[in-house]
Amino acid sequence: MRTRPLATCALAAFVSLSVAAPPPPTVADLLAQYEAGHYQPALDGMRTLVGRYESRTPQRQRVPGGPIFQDLSAIAPGFVLDHPDAARRRLVVAAFALDLAQTREMDPIESRHALVAWACGVASQAPPDEPLHRWYLASVAVLESMGAWTRLGGGDPAAKVPFVTTDDEREFRTGHLSHARAAFPDEPRWRLAQAEVDEAATATVGYGGSWNGPDREVLPSGTSPERIAKVKAALAAFEALTADPRVAADASLHVGYLHERLGQWDQAIAALEHAKSLTHDAPLRYDADVLIGWAAAQRGATDDAIAQYRAAAAEVPGGRTASVLLGSALGEAGQLAEAATVFDTLWHSDASRRPVDPWSRFADGDGLRAAALLADLRQGLK
Amino acid sequence: MKRPVTLVVATALMASAAWTAAQTPMFRLRTDIVFVDVSVTVDRRPLEGLQAEDFSLTDNGVPQRVDDVAAEGMPIDVSLLVDLSGSVVDNIEAFRDDVRRFAALLRPIDRIRVVSFASDVHDEAPLATVSGPMVLDFGHGGGGTSLNDGLAYAMLRPEDPARRHLIIVFTDGFDTASVLSNRRIPDLAQHSAAVIHAVLVPGHASTLSPLEPGARDALIEAAARTGGEAHTLSSAFGDFKRVFDNFRASYVLRFKPTGVDPSGWHALTVTVRGPRAGSAVVRARRGYFGG
């Protein structure tokens with residue numbers, strides 16, 4: 001009778017051993033995969049890594065940066081130094097940190113900021129070549145996607161911020177864009193990003209995050225002259241950029257919206273039409289069509305608004321802003337059957353398969369392109 | 001509400017048939033007929049038994065003759081719009097039962113549709129008559145609140161002239177994720193034939209942002225413009241039932257506008273004549289858009 005339980009235990013132990021999952025990857029494992037060009041497994045692993053590492057520390061004891069950051073910063077010197085391919089490896093580590101910062105589970109947000117700042121310190125010692133250029137383009141986009149305007153443009157010196165590292169503090173004091181500019185002074189996207197930082201500072205509700213329709217940031221009557229002056233200054237910064245063909249389309253789009261915020265419909269439509277004429281980029285054209293339609297609606301030209309919203313919906317089928325504004329405009333025009341069809345099509349679609357609505361990310365600048373720019377960066381590291 | 005003049009005659013004939021079944025025999029071959037939902041209460045109880053001659057109605061200030069009054073016989077479409085964001089619905093199971101019990105009260109001629117909203121908007125149950133326990137998921141909660149977008153979805157639908165449309169919105173009245181701004185909602189409500197009632201759940205101050213309080217005000221204003229009103233939650237089932245019972249006991253006035261420009265906005269006023277006029281509270285939509 002006694003042998004049976006023993007045998008059962010032994011069998012259970014054997015089964016347990018034979019089916020035991022491999023140990024979960026560490027930061028070092030994932031960095032090695034990343035360096036070898038096995039990006040997808042490394043990116044998948046990052047998502048599991050975050051939960052495991054963060055759960056090691058009680059919530060109240062967590063510090064910005066956390067154990068992942070500590071591990072990565074401890075591994076990095078050995079990974080880079082004294083290696084014949086040190087320059088490339090430096091960017092590999094910096095790119096890895098950017099991807100890690102983009103992992104949404106990497107909370108709190110201060111941890112993500114600190115990672116980018118640390119990575120900037122690592123990357124900035126690389127030669128100013130194309131891979132580093134790609135790194136800066138991606139890093140600016142990552143910070144924009146987080147709405148990290150003070151990290152990009154530099155924060156208030158008097159602000160009390162719990163800095164994680166000296167890199168973190170340096171980034172906050174001087175602004176990430178200043179480092180990008182130092183490495184690549186002629187890149188116009190830094191000036192575009194700076195204008196977006198300035199534009200964000202003029203917001204009522206807050207640029208970034210959840211984003212409503214175009215009227216959310218229109219200046220109400222009674223707006224202070226100081227605030228109007230700030231909006232006009234942001235407008236002037238974007239207008240200056242429209243002369244550079246490399247960023248003219250983006251700049252014109254922002255010029256159009258800033259005119260709308262000031263209630264200047266004719267100038268807005270002219271700028272937005274110009275933006276559309278400069279690019280085939282569907283998200284940008286979508287935003288321009290949405291904003292032209294919205295300007296038309298403010299002037300009571302409902303039929304024109306409907307036409308523009310339809311054009312936007314053709315650029316990015318399933319885009320929520322265009323669909324909702326189109327359905328509403330059709331309703332106002334008494335075309336209720338078509339309004340219902342538009343709404344049904346939108347809300348009956350699977351939200352997880354719906355395209356990212358470009359307007360919802362308008363304020364993020366290149367943040368909408370962060371994933372693509374990170375992919376470019378990885379491609380350049382191979 | 002005015003059925004748009006673009007409605008085809010066949011639709012009008014269909015409406016006529018339904019009206020005929022419920023009320024006195026008549027034929028309508030023209031579509032420029034206006035229907036107005038009117039609630040008349042005394043001490044918050046429906047005042048029943050009123051006839052066409054008991055109402056006084058003006059269209060853009062011009063007195064109109066109320067041709068007929070329909071009441072309980074007309075079929076009703078109910079759109080139940082449910083806020084699944086945050087902690088509006090504390091107990092999904094209990095709320096699901098409340099909705100099912102409410103749906104079971106509807107008559108065979110009535111229909112119900114259930115729409116939920118959080119970050120997104122979902123059809124929980126398509127518009128249909130109730131033929132058994134409703135299958136309700138309510139599994140799309142959490143995240144942001146798209147009250148305004150959900151309301152537009154429920155409001156802006158083609159009318160069936162033979163039916164009345166009641167929208168009951170169950171929400172704390174905050175909006176954080178809609179494309180449509182708060183200020184658009186009352187205006188859009190004027191393009192809908194539906195009557196909106198809001199059952200408002202007390203909100204949580206910690207969720208307030210500069211945008212959010214305005215959404216509650218916009219919803220209340222939208223309800224008022226359609227002839228509905230806002231109610232503070234006491235119990236979901238009880239509130240839904242009370243709103244529906246009162247709506248069913250309200251009137252639909254029919255008139256053919258005369259002496260007014262058919263196009264543009266038509267401001268309406270409706271009052272009750274006679275000895276009960278002083279104590280009666282009359283709610284009607286504030287106007288309609290002409291063709």
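Residues numbered from 1 in each chain as written. Chains lettered and ligands numbered in written order. Predicted model: local features only at pLDDT ≥ 70, side-chain atom pairs only at ≥ 80, totals over all residues. Heavy atoms only, no water.

Novice: Residues and numbers for the overall build of chain A, please.
Specialist: Helices and strands together make up the secondary structure of chain A, namely 19 helices and zero strands. Scored against the burial criterion, the 382 residues of chain A give a buried share of 49%. Considering only intrachain contacts with a sequence separation of at least 6, the fraction spanning at least 24 residues in chain A is 63%. Here chain A has roughly 16,800 Å² of accessible surface; of this, 56% comes from carbon and sulfur atoms. (Helix = DSSP H or I, 4+ residues; strand = E, 2+ residues; numbered from the N terminus. Buried < 20%, exposed > 50% of the residue type's maximum accessible area, 1.4 Å probe, protein only. Contact = heavy atoms within 4.5 Å. Areas by Shrake-Rupley, 256 points an atom, 1.4 Å probe, with all protein chains shown as cover.)

Novice: Could you give me a rundown of the nonpolar core, with the residues and numbers involved?
Specialist: Core analysis: the largest hydrophobic core is formed by 63 residues, its most contacted members being A:L253, B:L151, B:M155, B:I167, B:V169, B:I196 and B:L219. It is helix α15 (residues 282–298) of chain A that contributes the most residues to this core, nine residues altogether. Non-local contacts of B:I196, meaning those with residues more than four positions away in its chain, are made with B:L151, B:M155, B:I167, B:V169, B:A189, B:L219, B:A222, B:A223, B:T226, B:G228 and B:E229. By size, the runner-up hydrophobic cluster in this structure holds 58 residues, among which are A:F79, A:A119, A:L177 and A:L377. (Core = buried A, V, L, I, M, F, W, Y, C linked by side-chain atoms within 4.5 Å.)

Novice: Outline empty space enclosed by the protein, supporting the account with residue identities and numerical values.
Specialist: To find leftover empty space, one rolls a probe the size of a water molecule over the atoms. Residue and element names in this part refer to chain B. All chains considered together, the criterion is met by two cavities of 30 Å³ or more. Taken as a whole, the second largest cavity holds about 30 Å³ of empty space. No other element matches the three residues that strand β1 (residues 34–42) contributes to the lining of the second largest cavity. Considered class by class, the residues forming the lining of the second largest cavity number three nonpolar, four polar and no charged. (1 Å grid on protein atoms, 1.4 Å probe; cavity = no way out; pocket = protein on both sides within 12 Å on 5 of 7 lines; lining within 4 Å. Points joined across faces, edges and corners; volume = space filled by probe spheres on them. Nonpolar A, V, L, I, M, F, W, Y, C, P; charged D, E, K, R; others polar.)

Novice: Any chance you could break down the sheet that holds strand β9 (residues 164–171) of chain B for me, citing the residues and the numbers?
Specialist: All names here are of chain B. In space, the six strands of this open sheet follow the order β8-β7-β6-β9-β10-β11, with mixed pairing throughout. Taken across any chain shown, the strands that pair with only one partner, and hence form the sheet edges, are β8 (121–128) and β11 (230–232). Here the average twist between neighbouring strands, direction ignored, is 15°. Where strand β7 (residues 111–117) lies against β8, five bridges are found, and the strand directions are antiparallel. Across the sheet, S116 pairs through a bridge with H122, a residue of β8. In this fold helix α3 (residues 147–155) packs onto β6 (76–83), β7, β8, β9 and β10 (195–200), with an angle of close to 165° to the strand it touches most, β9. (Pairing = 2+ DSSP bridges. Axes fitted to C-alpha atoms, helices over the stretch in contact; angles between N-to-C directions.)

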